Amino acid sequence: MHPSEVLFQGTHLPVSIPVCDHYAGSEKLMLKSIALQQELGPVFDITFDCEDGASAGNEEAHARLVASLIASDANRFNRIGARVHDTTHPCFEQDVEIICQGAAPRLAYLVLPKVNSAAEVRRAITLIKRHAKKAGRDKLPVHVLIETHGALAEAHAIAVLPEVECLSFGIMDFVSSHYGAIPGNAMRSPGQFTHPLVVRAKLEMAAACHAHGKVPSHNVTTEIKDTAIVANDATRAAGEFGYMRMWSIHPDQIKPILKALSPRSSEVSEAVHILTDAQAAQWGPIQYNGKLHDRASYRYYWTILQRAKAGGMPMPEAAGNLL
């Protein structure tokens with residue numbers, strides 16, 4: 001039996017999406033991002049930004065631009081999503097309608113910013129599903145930004161929604177919402193990994209995602225020129241906080257994020273050996289290098305392979321029937 005059939009019986013398969021989410025707002029940056037994705041392959045997602053990307057008074061034209069680019073032949077891999085305005089904004093439904101009408105079949109996901117509750121997310125999903133269905137698309141994934149007190153308090157209730165596949169931490173809005181109680185240096189390293197209120201928020205959001213098989217996405221690194229800082233942030237986000245994805249706001253950030261959040265080649269090789277032996281044993285317990293393994297560890301190693309695949313890593317030939 002295939003690992004996905006035997007290892008996750010009675011539960012949904014955990015979501016597997018690229019580990020880097022690159023944001024682009026202007027037409028120039030959107031086109032550059034598409035060109036880079038064509039070069040590197042679907043190893044990172046692109047999110048076209050209608051919220052902060054559109055100039056005031058130009059929201060409709062910007063949404064139409066987003067839809068036209070996502071629907072174009074340049075979108076080779078169908079791994080481009082869009083962030084719409086928040087649900088209280090006058091242009092929210094307009095964004096959803098225009099983007100779904102023009103690009104729903106090719107759209108990777110829609111991002112909802114500044115939500116305050118699970119009820120708000122459910123209402124937004126109902127509207128999104130209505131417009132997506134009109135355009136012939138079922139089950140359009142939704143990503144949700146956790147950047148308010150209300151959203152953090154209901155992170156589990158948001159993560160459990162079937163349409164939600166990813167929660168992203170919005171550190172700048174979250175810190176700002178404390179009105180000075182959290183210092184500004186907690187928006188960047190090292191403060192973002194040490195301030196207790198920020199640490200608590202990151203851990204609670206990540207825990208909510210993992211409880212329901214969804215992907216926690218880490219906030220941006222505002223340092224653009226020093227890629228070592230980006231790589232260190234990504235490494236700490238994954239190793240200490242359980243994040244499996246991270247935002248990029250500059251093309252130079254993409255490769256450091258990919259490297260930091262993808263498994264090491266040695267981990268991939270070990271996973272293939274263990275899962276191949278397990279499959280031969282019909283998924284019963286095995287010994288590998290003197291250690292016992294059973295279905296609990298098999299699930300871990302199978303997710304290692306899924307992460308490697310999503311990151312475009314070279315895969316051993318023996319991994320073919322395990323993916």
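So, here's what we can say about the structure. (Residues numbered from 1 in each chain as written. Predicted model: local features only at pLDDT ≥ 70, side-chain atom pairs only at ≥ 80, totals over all residues. Heavy atoms only, no water.)

1. Regarding the overall build of the chain
A count of helical and extended segments in the chain gives 13 helices and 10 strands. The C-alpha atoms of the chain give a radius of gyration of 20 Å, which matches the 20 Å a tight globule of 323 residues would have. Each principal axis of the C-alpha distribution contributes one length, and for the chain these read about 65 × 45 × 40 Å. The proportion of buried residues among the 323 residues of the chain is 51%. Restricting the contact set of the chain to residue pairs at least 6 apart, pairs at least 24 apart contribute 70%. Each charge sign in the chain was given a centre, from 31 positive and 33 negative side chains, and these centres are 3 Å apart. (Helix = DSSP H or I, 4+ residues; strand = E, 2+ residues; numbered from the N terminus. Rg over C-alpha atoms; globule rule 2.2 N^0.38 Å. Buried < 20%, exposed > 50% of the residue type's maximum accessible area, 1.4 Å probe, protein only. Contact = heavy atoms within 4.5 Å. Lys, Arg positive; Asp, Glu negative; His and termini not counted. Charge placed at Lys NZ, Arg CZ, Asp CG, Glu CD.)

2. Some points on the pattern of salt bridges
The tally for this structure, following the rule as stated, stands at 14 salt bridges. Put simply, Arg79 and Asp45 hold a salt bridge, and the shortest N to O gap is 2.7 Å. Here Arg79, found in the loop between α3 (59-71) and β3 (80-83), pairs with Asp45, found in strand β2 (residues 45-49); they are 34 residues apart in sequence, far enough to count as distant. The exposure classification of Arg79 matches that of Asp45, with both residues buried. Of the charged contacts in the structure, one is a salt bridge between Arg264 and Glu267, with a shortest N-O distance of 3.9 Å. On the basis of relative accessibility, which here comes to 56%, the residue Arg264 falls in the exposed class. Among the ionic contacts, a cluster of salt bridges with common partners joins Asp49, Glu51, Asp52, Arg83, Lys114 and Asp173. (Salt bridge = Lys/Arg side-chain N within 4 Å of Asp/Glu carboxyl O.)

3. So, helix α5 (residues 118-134)
The end-to-end C-alpha separation of α5 is 24 Å, in line with the 24 Å expected for 17 residues at 1.5 Å each. When we look at burial in α5, the residues that qualify are Ala118, Glu120, Val121, Ala124, Ile125, Leu127, Ile128, His131 and Ala132. Lining the buried residues of α5 we find α4 (92-103), β4 (110-112), β5 (142-146), α7 (155-159) and β6 (164-169). A positive backbone phi angle near 85° is found at Gly136, which sits one or two residues after α5. (Expected span 1.5 Å × (residues − 1).)

4. Examining the layout of surface pockets
Looking at the largest pocket, its volume works out to about 750 Å³. If you list the elements that add at least two residues to the lining of the largest pocket, you get α11 (251-261) and α13 (295-310). The residue inventory of the lining of the largest pocket, partitioned by class, reads 17 nonpolar, 10 polar and 5 charged. In this structure, the second largest pocket spans a volume of roughly 460 Å³. Its residues placed into classes, the lining of the second largest pocket shows 11 nonpolar, 7 polar and 8 charged. (1 Å grid on protein atoms, 1.4 Å probe; cavity = no way out; pocket = protein on both sides within 12 Å on 5 of 7 lines; lining within 4 Å. Points joined across faces, edges and corners; volume = space filled by probe spheres on them. Nonpolar A, V, L, I, M, F, W, Y, C, P; charged D, E, K, R; others polar.)

5. Focus: the side chain of Asp45
Looking at Asp45, the relative accessible area reads 0%, which means it is buried. Among the polar contacts listed, one links the side chain of Asp45 to the side chain of Arg79, at a separation of 2.7 Å. Discounting residues that sit within four places of it in the chain, Asp45 has contacts with Pro18, Cys20, Asp21, His22, Gln37, Arg79, Tyr109 and Arg245. (Polar contact = N/O pair within 3.5 Å; in protein donor to acceptor, adjacent residues only side chain to side chain.)

6. Some details on the packing of helix α10 (residues 227-241) against α11
Put simply, α10 and α11 touch, their axes get as near as 8 Å, and they point 35° apart. The crossing of α10 and α11 is right-handed. Across the interface between the two elements, Thr227, Val230, Ala231, Ala234, Thr235 and Ala238 from α10 touch Asp252, Gln253, Pro256, Ile257, Ala260 and Leu261 from α11. Here the contact of α10 with α11 is composed, by residue class, of 8 nonpolar, 3 polar and 1 charged. (Axes fitted to C-alpha atoms, helices over the stretch in contact; angles between N-to-C directions. Left-handed = near helix turned anticlockwise from the far one by under 90°.)

7. Here's the deal with the pairing of β2
Taken across its 5 residues, β2 has 5 buried, putting it largely inside the fold. Residues Asp45, Thr47 and Asp49 point to one face of β2 and Ile46 and Phe48 to the other, with burial holding for every one of them. Where strand β1 (residues 20-24) and β2 come together, 4 bridges link them in parallel fashion. Across the sheet, residue Ala24 finds its bridge partner in β2, namely Phe48. This β-α-β element, β1 to helix α2 (residues 27-40) to β2, shows right-handed connectivity. Taken together, the 4 bridges between β2 and β3 define a ladder with parallel strand orientation. (Pairing = 2+ DSSP bridges. Right-handed = clockwise from strand over helix to strand, strands pointing away.)

8. Some details on the environment of Leu65
Assignment of secondary structure puts Leu65 in helix α3. Through-space distance from the C-alpha of Leu65 to that of Glu27 is 7.8 Å; in sequence the pair is 38 residues apart. Excluding residues within four positions of it along the chain, Leu65 makes contact with Glu27 and Met30.

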